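An overview of the molecular structure
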There are 2 protein chains.
Amino acid sequence: MRIEKPTLVVDSARVERNIQRMADKAVKSGVVFRPHFKTHQSPVIGEFFRKKGVNKITVSSVDMAFFFAEEGWDDITIAFPVNILQIDRINQLAGMIKLHLLVESTETIRFLADHITDHVSVWIEVDTGQKRSGIDAEDKDSILNCASAIEALKNLSFGGLLTHAGHTYRASSTEEIKRIYADSIKKLNSLRDKLLRKGIKEVKLSVGDTPSCSIVEDLSEADEIRPGNFVYYDLKQLELGSCKEEDIAVAVGCPVVAKCPRRNEVIVYGGAVHLSKEHLVDSRNCKIFGRIAMESGEKWGTVLDDSYVSSLSQEHGVIKTTPEILNQVNRGDILYIIPVHSCLAANLLRDPLILP
Amino acid sequence: MRIEKPTLVVDSARVERNIQRMADKAVKSGVVFRPHFKTHQSPVIGEFFRKKGVNKITVSSVDMAFFFAEEGWDDITIAFPVNILQIDRINQLAGMIKLHLLVESTETIRFLADHITDHVSVWIEVDTGQKRSGIDAEDKDSILNCASAIEALKNLSFGGLLTHAGHTYRASSTEEIKRIYADSIKKLNSLRDKLLRKGIKEVKLSVGDTPSCSIVEDLSEADEIRPGNFVYYDLKQLELGSCKEEDIAVAVGCPVVAKCPRRNEVIVYGGAVHLSKEHLVDSRNCKIFGRIAMESGEKWGTVLDDSYVSSLSQEHGVIKTTPEILNQVNRGDILYIIPVHSCLAANLLRDPLILP
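What counts as what
What you see as residue numbers is a count from 1 along each chain, following the sequence as written. By the order in which they are written, chains take letters starting at A while ligands take numbers starting at 1. Totals for whole chains, interfaces and linings use every residue, but because this is a predicted model, local features are given only for residues with pLDDT of at least 70 and side-chain atom pairs only at 80 or more, for both listing and counting. To qualify as a helix, a DSSP run of H or I must reach at least 4 residues; to qualify as a strand, a run of E must reach at least 2; elements of each kind are numbered from the N terminus. The globule rule used here is 2.2 Å times the number of residues to the 0.38 power, and the radius of gyration it is set against is calculated over C-alpha atoms. Whether a residue is buried, exposed or partly exposed is read from the other C-beta atoms within 10 Å of its own C-beta, which are placed from the backbone; 20 or more gives buried, 12 or fewer gives exposed, and intermediate counts give partly exposed. A pair of residues counts as a contact when their C-beta atoms, built from backbone coordinates, are separated by no more than 7 Å. Here the limits of each domain have been adopted from an automatic or database domain assignment. Alignment of copies: least-squares fit on C-alpha atoms of residues with pLDDT of at least 70 in both copies. When residue character is reported, Ala, Val, Leu, Ile, Met, Phe, Trp, Tyr, Cys and Pro are called nonpolar, Asp, Glu, Lys and Arg charged, and the others, Gly included, polar. Helix span is expected to be 1.5 Å times the residue number reduced by one.

**With respect to the overall build of chain A**
- Across its full length, chain A holds 12 helices and 20 strands.
- Against the compact-globule benchmark of 21 Å for 356 residues, chain A has a radius of gyration of 22 Å, which places it among compact chains.
- The buried share of chain A, taken over its 356 residues, is 56%.
- Summarising the internal contacts of chain A: among those between residues at least 6 apart in sequence, 65% fall at separations of at least 24.

**Some words on the domain arrangement of chain A**
Residue and element names in this part refer to chain A.
- According to the domain assignment, chain A contains domain 1 (12–233) and domain 2 (245–355).
- Put simply, the middle of domain 1 and the middle of domain 2, counted by C-alpha atoms, are 33 Å apart.
- Every contact between the two is made by 15 residues of domain 1 and, on the other side, 11 residues of domain 2.
- Residue contributions to the side of domain 1 that touches domain 2 peak at four residues, all from helix α1 (residues 12–29).

**Things to note about the relation of the copies chain B and chain A**
- Note on the identical chains: chain B maps onto chain A by a rotation of 180 degrees and an axial translation of 0.0 Å, with an RMSD of 0.0 Å. The symmetry that links the two subunits is that of a two-fold axis. Identified as the residue of chain B closest to the rotation axis by C-alpha distance is B:K277, at 2.7 Å.
- Mapped onto chain A, 100% of the interface residues of chain B again fall at the interface, so both copies present the same surface.

**Considerations on the interface of chain B and chain A**
- Counting from both sides, the interface comprises 42 residues of chain B and, opposite them, 42 residues of chain A.
- Its residues assigned to classes, the side of chain B that touches chain A shows 15 nonpolar, 13 polar and 14 charged.

**Details of unusual backbone geometry**
- Although it is not a glycine, A:N264 adopts a positive phi angle of roughly 50 degrees.
- Note that A:N264 resides in the loop between β11 (250–260) and β12 (265–269).
- In the Ramachandran plot, B:S276 falls in the positive-phi region, its phi being about 75 degrees despite a non-glycine side chain.
- With respect to the secondary-structure elements, B:S276 resides in the loop between α10 (272–275) and β13 (280–281).
- A tally of 29 C-beta atoms within 10 Å means that B:S276 is categorised as buried.

**Observations concerning helix α1 (residues 12–29) of chain B**
Residues and elements named next belong to chain B.
- An ideal rise of 1.5 Å per residue puts 26 Å on 18 residues; α1 measures up with 25 Å between its terminal C-alpha atoms.
- As for α1, its buried residues are in contact with β1 (7–11), β2 (32–33), α2 (43–51), α8 (210–215) and β10 (224–225).
- Positive backbone phi, approximately 70 degrees, marks G30, located one or two places after α1.

Shown next as structure tokens:
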């Protein structure tokens, strides 16, 4: 394989396996599978999903919705609070596809009521504990007010309650992830009961994070799942227990440009503009900006135990390694960096090399 | 001004003042001013430099060299160790412009000797203490070997010794930055003396980091300066003492999409894919991913004391603020985030809004 500069390399067999596993779980749980496409942002990877029967997707921006609408996807959720400044583009989209939007306030609902020109499905974002956006699950009155307001308006139909239980990313065990999922779905169920009692006709529940969707076996209490990261996985998911090393479907191929034997370091062309500055902190309190694998056949091999990316500047990656590996590696070789956060690496490296 | 989505906003007056100040210092110090264009990567900002008489530039990748060569820049240093896998592109460039390359090993010099098809100027990268790439300044023999090897080869001319004293970014005072600069230039001078004694005909010294170039008054011991970040500056440079708040020439305009009164938080459309995950740690051990300013006239106003970006996910920015500011801010307003690292934000937001 010919890599000259930092390149996102995708192992298709792993991608297909990851998609199949999640699609099977969705079928078994009887939920709609609406994968998040922000992870890959790639029409080619999109086709892998289409081949597995997926026809509903999630994106994180209006631009991304346009991009995939133009690729023929016609049922899209923008899982981000409505940005009212983009109402013209939202109206364009609403005329093209079945569009699902997210709100967290009556202000935004009123704005939509006044400005939307086509039918859209509107979901209420509920914060079940992540503490990012969404109405706090305890704030039942605000949630009811929003649902009633949506139902009352023409051009808007009420989709249901949507949450991203992203606090699973801060969990320290798979048991904790299961507890977070259980707590989250319990809160949504209780909210649904209240809304139904108050006369709302139908309330779907949409959940999303990759750790929950990977680790929890039975997702049947939800109506829809929206995981994204699972298509590639990464070091963060490996740390969380969402995947095994052999599920990680991407690595960034980086040319070796310099060596520092005094410090057992290899410098690669591959920096923050390719990998992002996302890092993990290991048990020795070291910042890990990526793990390393050598070339193996047409792909990358197993992750090396004693090597890691210790720092990143704009274009440089510094790899701490052992004298043995330093000796094996030459300028002009390719080393593979397993990213900490595959979504951010894939966002930066938009032209992936997709291997069979 | 009409901002609908995260947008890099550039204050031209500040950019021009920053360029003028550095150009004046270069003239006063009698050094070549070869600014690093990786910070802005913008042809429009490039023209600001051209108007101030700049005709030599620095870039950090072969692709960036091509980009600016096509914009009419014909004397370019790629301040990154030669990536031998890109030799074909390097040869193309060498045929188009006066090209300066960086090496840190005789292996790479031999490779260039065997493969380069046009004349290039080759500089030795010296590590004066940053501990990234470059030959350790103590390793005088390796540096001499490289210089001799370059001089002996046709198509290669020896440019001199180049360093990026990036350890200034870890300094805790401007005095420490001055000490690092003094130490760095002393090491380069001592190496130059050795090379001249050993018969190398001419040895130029090129230095680069923005903290040194901003804080040190007299740069006359160098022959060339290559700062980049100073054109925009950012929170990191403010923390280091390289600039004042009113020198920071960029902010990221972000639409407000959600509010959380319970936590005094505002959620903006503006995340890791717009700002990068670079952060500072403040005196209370809080991670700061950006500071906040409100709109003021056509630009942004002074930085707010009690507000900051407390976390970033792919598209969301969470701003911790006060009840007073939370009350003033509405969904659909624009808040300005002053970036921690302007180079990474500018790399992510390639179509800046350039204000007079």
